[in-house]
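An overview of the molecular structure
Residues per chain are reported as follows:
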Amino acid sequence: MTVPLTPAAELAKQAKTPFPGASADYETARQALLAQEIEFRRHMTRLTEQRRALPPGPVIEKDYRFKDEQAFEVGLIDLFGDKDTLVTYFWMYGPQRERPCPMCTNWLGAVNGNAADIKQRVALKILGRSSVERQFAFAQERGWRDLNFVQTVGDDYARDIGVLLPDGSEYPALIVFRRDGDRVRLFWASEMTREMADPGQDPRDAPDIASLWSVLDLTPGGRGTDWYPKLNY
């Protein structure tokens, strides 16, 4: 039985501005915004439940090969370790790049801070086309201690997931796999492309899992545009 939810507007009336002196206009606008934030949280909860309820995804039939941190060649199922779920992020650090993508670097820096906790529940692997040694050297430079880097052997994996362009440049990819006995199934993959963004909208997933954007979205200036090129690493 579904418990009826209190209307968000009613819940929002319980809020209290933390500092005195707010104008009536601010109080009214903030309360209306809070009601929308409550609705947004409810929608995110429904999305999470809908994602978890996805039917079994396709079995990964191709024998993709990787090199782990010890440079041993392994298969996709080996990347799970003792976990039933594998979260992978393919980052833009192919052999043709002098430095990794600044936005991949930013995102991985934030994930590194939570990686030890994440890995208590699921396997977490960062995949790249550069050698493990090259990826690990950059991780050391950045002070990343809790991320596990894996090299893709050949380019079949990158091509098949649609992130390798003819000129050798790449896109990132966030993909979650699930163990099914001795097989691996796709559970969920980020499938929002740039073409799916609304006019004037920064292409991104929803919900946005990048802490950089989540924090800036709370500020008056938002994400901005002029500082984007300054994200150099």
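Rules used in this analysis
Residues numbered from 1 in each chain as written. Predicted model: local features only at pLDDT ≥ 70, side-chain atom pairs only at ≥ 80, totals over all residues. Heavy atoms only, no water. Helix = DSSP H or I, 4+ residues; strand = E, 2+ residues; numbered from the N terminus. Contact = heavy atoms within 4.5 Å. Areas by Shrake-Rupley, 256 points an atom, 1.4 Å probe, with all protein chains shown as cover. Lys, Arg positive; Asp, Glu negative; His and termini not counted. Charge placed at Lys NZ, Arg CZ, Asp CG, Glu CD. Core = buried A, V, L, I, M, F, W, Y, C linked by side-chain atoms within 4.5 Å. Buried < 20%, exposed > 50% of the residue type's maximum accessible area, 1.4 Å probe, protein only. Arc of directions from axis to C-beta. Phe/Tyr/Trp six-rings, centres within 6.5 Å; stacked < 30°, edge-to-face > 60°. Lys NZ or Arg CZ within 6 Å of the ring centre and 35° of its normal.

1. Describing the overall build of the protein chain
- The helix and strand inventory of the protein chain stands at six helices and seven strands.
- Overall, the protein chain shows an N-to-C arrangement of helices and strands of α-α-β-β-β-α-β-α-β-α-β-β-α.
- Taken along its principal axes, the extent of the C-alpha atoms in the protein chain is 65 × 50 × 35 Å.
- Long-range pairs, those at least 24 residues apart, make up 63% of the contacts in the protein chain between residues at least 6 apart in sequence.
- Within the structure as shown, the protein chain displays about 15100 Å² of accessible surface, and the carbon and sulfur contribution to it stands at 53%.
- Computed over 30 positive and 34 negative side-chain charges, the separation of the two mean positions in the protein chain equals 3 Å.

2. Examining the nonpolar core
- Ranked by size, the top nonpolar core spans 24 residues in total, and within it Y89, W91, L108, W144 and L147 carry the most contacts.
- Residue assignment for this core shows that the elements contributing at least two residues are β3 (85-90), α3 (102-118), β4 (123-128), α4 (132-142), β6 (173-180) and α6 (211-216).
- By residue number, the principal contributor to this core is α3, which donates five residues.
- Setting aside anything within four residues of it in sequence, one finds W91 in contact with P100, C104, L108, I126, L127, G128, Q135, F138, W144 and F149.
- In terms of nonpolar packing, the next biggest core, distinct from the first, is built from 20 residues, L79, F80, A173 and V184 among them.

3. Let's talk about α4
- Among all positions of α4, only V132, Q135, F138 and A139 are buried. Buried positions in α4, seen along its axis, are confined to an arc of 135° and lie on one side of it. Pointing more than 90 degrees away from the buried face of α4 are the exposed residues E133 and Q140.
- With its phi angle positive at about 80°, G143 sits one or two positions after the end of α4.

4. Overview of the packing of aromatic side chains
- Scanning all chains against the criterion turns up 10 aromatic pairs.
- Chaining the aromatic ring pairs together yields one cluster made of W91, Y93, F138, W144 and F149.
- For the cation-ring pair, R51 lies above W188, with the distance from its terminal atom to the ring centre recorded as 5.5 Å.

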